[in-house]
Amino acid sequence: MDSRENKKDLIQKRNTHQDEKLCGRREFLKGAVKAAALGGSMMMTGCGTSLTGSKEEFVLEWKEYFKGNYRLMTQEERDETVRRMERLAKLKMGADVKISSRGPRKQVLYGYAFNISRCKGYMDCVAACVKENNLDRKSKTQYIRIFEKEHGNMNVTSGNGKYFHEVPAENHFYMGVQCFHCENAPCIKACPIKATWREPDGIVVVDYNWCIGCRYCMAACPYWGRRFNWNKPEVPLKDLTRKQHYLGNRMRTKGVMEKCTFCVQRTREGKMPACAEACPTGSRVFGNLLDPKSEIRYVLKNKKVFRMKEDLGTDPKYWYFMD
Amino acid sequence: MKRCPFQRKLSLILILSFLIFFGCKEYSEHTGGVTVTMKEATAPFDDKEIVESIPRIPKNPVLVNTRYQGGFFWTETRHDKIERFRCSNCHNNNEAPIDKAAKVAHGNIVLVHGPENKPLKCFTCHNQDERDFLNTERGTKIEMDHSYQMCGQCHFRQKRDWVGGAHGKRISYWAGKRTVMNCASCHDPHSPKFAKKWPKTYSLALSD
C-alpha cells in the first residue's frame, strides 16, 4: 500500500512539476513578447518621455536612436543628425537652436592659464559658464569651481569652494578648477564604450548620445572635472544659448556625463571661452599652444607656472601662474 | 644535461615584465607630453581661415606704439568713453557762468592712487596747459588713447606683461588680429584697485 501511494504521489508530483514548467515557459514567452513590445515602443519614443508626440517627432526620435558614434559618422551623417536635433528642439521646446558640427582647426592645440595672484573670486566666470553651456539650473550644475584658500596654502586638496561673502577676503587667494583637458586623460581610458575622447585640437569631449552613464570617468578623474546629470537638465527657454555644438552645449538628457569643453562652440569659431571673456580681472589666459606668438606661450615662457597634481602624469593643458 | 625546472617560468616572467614596462612607458615615450609638443611648434600659426570669420572688435581700435612678440597689436579707444570729452570744451580761457560749471564739473572724483604718504595729484597725469592730453614725468604730451604709456611709467612690470599677454585680456577673440583691453577698461585710473563686492553666484558642495 505504502509503495503504491508513494508511486501515486510521485506521479502527481511529476505532473504538477511538468505543469509548472509548461506554465512557466508560456508565461515567460508571453512576458518576453510584452516586454519586447514595450521596450520597442519606449525606444521609439525616447525612453517613454513623450508617448503622445507627433508622427514627425516619432520618426526623428527613431532615427536618432539608431545613429552611430559621432567619431564614426561621415560629415553627411553628422549634418543629418544635426538637422534632426535642431528640428526636435523646435518640436519639443519651441526653440530655434543652431547646432554646429565644426571640426577642429589645423595647427591648433588649446591651452589655458589661470593667474592665482590676480583672481578676486568674483565668480563672473561661473555665471557666464552656466549661461553659455546651458547647464542644469535645477541641480545648480557648474563646471568651474573657485576655491578660496589662505595665503601660503599650496595644498591642492584643500580650500573653501562654497564661500559666499564679500570678496576678496583678507589674507586669501582664489583658485579656479575645471576640466584640465589632459593630454593623457585618465577619464578617456576609463570609459568602457569610448564615448569620451580627445579631439585633435586637445579638447576632451563627450558624445552625449553614446554615453551610458556608468560614471567610470567621473571616478577616474583626479580633478573632479566631470559632472553627471542626475535629473533631466532644466534651462528656462529665455536663457537658452541658441548657438550650440554637437560636442558642446547642446541639451543633455538625464543620466549622461558632461564636462567643460573649453566652450567648443565658441573656440572653434575663434572666440574665447565664456569664462575667459567674462573674467573682470583678466586672470584667465586662453590661446593656441602651437602658436609661438600667443599669450599662453608668453605666460608659460615668462611666468612661474605649475599644474595641479602634475606628478600623476595626466599632462593637463591648464596651468596656474602668478605675477 | 639537466634543465633547470624554473627556466621556463623565469623566461615567461621576464617577458611579462618587459611587456608591462614598455606598456607603461608608452605615453611619455611617444609624445613626451604637451611641453615637448609645444616646444617643437615653432612655425608661425596661420590663422587666415579663422580670421575670415572674425569681425574687428572694437570697430576703431588704436594701434599700440609698442610691439608684442607677434608684431603689431591694437587696443580699445579711450577718448570716446570719457564723459564730456573734449576737456578743452570747458577748460579754455573763455568765461563760463558759474551755475553751468557746477553742473558739469567733476568735483565728485576721489583720487585713491599712489602711496599713502605721497598720493598722486591731478596734474601728475593730466597736462595742465592742454587738458585734452596727459603728461608724462618727462613732460611728453600723450593722447588719452595711449594712456598705457602713462601707467607704464610706474607700473612697468604690469605693462611688460600687458604687452606680452600675461596681464589684461584680449577682446572676444583668441585668434586674428590681436586687440586687447586698455588699462583704463578695467581699472579706474583715479582709484585703480578692484573693489570688494559680492560674488555673482555661489557653488553647492560637489558630493554630500
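Please refer to the structure placed before this passage.
Now for a quick tour of the structure. (Residues numbered from 1 in each chain as written. Chains lettered and ligands numbered in written order. Predicted model: local features only at pLDDT ≥ 70, side-chain atom pairs only at ≥ 80, totals over all residues. Heavy atoms only, no water.)

## A few points about the overall build of chain B
Part 1 of the reasoning: When its secondary structure is counted, chain B shows 8 helices and 5 strands.
Part 2 of the reasoning: Reading chain B from its N end, one meets helices and strands in the order α-α-α-β-β-α-α-β-β-α-α-β-α.
Part 3 of the reasoning: Within chain B, buried positions represent 27% of all 208 residues.
Part 4 of the reasoning: Counted over contacts in chain B with a minimum sequence separation of 6, partners at least 24 positions apart contribute 49%.
Part 5 of the reasoning: Entry remark: accessible area of chain B is about 15200 Å², with carbon and sulfur atoms responsible for 57%. (Helix = DSSP H or I, 4+ residues; strand = E, 2+ residues; numbered from the N terminus. Buried < 20%, exposed > 50% of the residue type's maximum accessible area, 1.4 Å probe, protein only. Contact = heavy atoms within 4.5 Å. Areas by Shrake-Rupley, 256 points an atom, 1.4 Å probe, with all protein chains shown as cover.)

## Some points on the interface of chain A and chain B
Part 1 of the reasoning: Each partner contributes residues to the interface: chain A has 66 residues there, and chain B has 48 residues.
Part 2 of the reasoning: At the boundary of chain A with chain B, total buried surface from both sides reaches about 5100 Å², with 58% on carbon and sulfur atoms.
Part 3 of the reasoning: When the buried area of chain A at its contact with chain B is split by residue, A:Lys293, A:Glu295 and A:Tyr298 rank highest and sum to 13% of it.
Part 4 of the reasoning: Taken together, the links from chain A to chain B amount to 3 salt bridges.
Part 5 of the reasoning: If you look at where chain A meets chain B, you find 22 residue pairs in polar contact (both at pLDDT 80 or more).
Part 6 of the reasoning: When contributions to the side of chain A that touches chain B are tallied by element, the ones reaching two or more residues are strand S2 (110–115), helix H4 (124–132), helix H8 (274–278), strand S10 (284–288), helix H9 (295–302) and strand S12 (318–322) of chain A.
Part 7 of the reasoning: It is H9(A) that contributes the most residues to the side of chain A that touches chain B, 5 residues altogether.
Part 8 of the reasoning: Split by residue class, the side of chain A that touches chain B holds 28 nonpolar, 15 polar and 23 charged. (Buried area = accessible area lost by both parts, 1.4 Å probe. Salt bridge = Lys/Arg side-chain N within 4 Å of Asp/Glu carboxyl O. Polar contact = N/O pair within 3.5 Å; in protein donor to acceptor, adjacent residues only side chain to side chain. Nonpolar A, V, L, I, M, F, W, Y, C, P; charged D, E, K, R; others polar.)

## A short note on the nonpolar core
Part 1 of the reasoning: Within the largest apolar cluster, 69 residues are counted, with the highest numbers of intra-cluster contacts made by A:Ile144, A:Ile146, A:Phe180, A:Tyr320 and B:Trp174.
Part 2 of the reasoning: For this core, the elements supplying multiple residues, two or more each, are helix H3 (75–93), S2, H4, strand S4 (172–177), strand S6 (204–206), H8 and S12 of chain A.
Part 3 of the reasoning: In terms of nonpolar packing, the next biggest core, distinct from the first, is built from 15 residues, A:Ala113, A:Leu289, A:Leu290 and A:Tyr298 among them. (Core = buried A, V, L, I, M, F, W, Y, C linked by side-chain atoms within 4.5 Å.)

## A few points about the sheet that holds strand S5 (residues 179–180) of chain B
All names here are of chain B.
Part 1 of the reasoning: Read from one edge of the open sheet, 3 strands run S1-S2-S5, paired in mixed fashion. Of all the strands in the sheet, the pair left with one neighbour each is strand S1 (62–63) and S5.
Part 2 of the reasoning: With 2 bridges connecting them, S1 and strand S2 (residues 74–75) associate as antiparallel partners. Bridge pairing in S2 places Val62 opposite Thr75. (Pairing = 2+ DSSP bridges.)

## Points about the environment of B:Lys81
Residue and element names in this part refer to chain B.
Part 1 of the reasoning: Of note, Lys81 is situated in the loop between S2 and helix H4 (98–104).
Part 2 of the reasoning: A sequence separation of 103 residues divides Lys81 from Ala184, and the C-alpha atoms of the two residues are 9.8 Å apart.
Part 3 of the reasoning: There is a polar contact of 3.0 Å between the side chain of Lys81 and the backbone oxygen of Thr77.

## Regarding the environment of B:Thr77
All names here are of chain B.
Part 1 of the reasoning: Among the structural elements, Thr77 can be located in the loop between S2 and H4.
Part 2 of the reasoning: Since its relative accessible area comes to 5%, Thr77 is described here as buried.
Part 3 of the reasoning: Thr77 sits 18 residues away from Lys59 along the chain, and the two C-alpha atoms are 9.6 Å apart.
Part 4 of the reasoning: Excluding residues that lie within four positions of it along the chain, Thr77 makes contacts with Asn60, Val62 and Asp145.
Part 5 of the reasoning: At 3.0 Å, the side chain of Thr77 and the side chain of Asp80 are in polar contact.

## Let's talk about the side chain of A:Asn115
Part 1 of the reasoning: In this structure, A:Asn115 sits in strand S2.
Part 2 of the reasoning: Residues within four places of A:Asn115 in sequence aside, it is in contact with A:Ser283, A:Phe321, A:Met322, A:Asp323 and B:Ala166.

## Some remarks on the packing of aromatic side chains
Part 1 of the reasoning: Inspection of the entire model under this criterion finds 25 aromatic pairs over all chains.
Part 2 of the reasoning: Ring geometry for A:Tyr70 and A:Tyr246: centres 4.4 Å apart, planes at 15°, overall stacked. Here A:Tyr70 is found in the loop between helix H2 (55–65) and H3, whereas its partner A:Tyr246 is found in the loop between strand S8 (243–245) and strand S9 (257–259), with 176 residues between them in sequence. For the pair shown, A:Tyr70 and A:Tyr246 are each scored as buried.
Part 3 of the reasoning: With a centroid separation of 5.4 Å and 90° between ring planes, the pair formed by A:Tyr110 and B:Trp174 is classed as edge-to-face. Residue A:Tyr110 is found in strand S2, and its partner B:Trp174 is found in the loop between helix H7 (156–164) and S5; the two belong to separate chains. Like A:Tyr110, the residue B:Trp174 is buried in the burial classification. (Phe/Tyr/Trp six-rings, centres within 6.5 Å; stacked < 30°, edge-to-face > 60°.)

Purely geometric stuff here, so don't read any function into it on its own.
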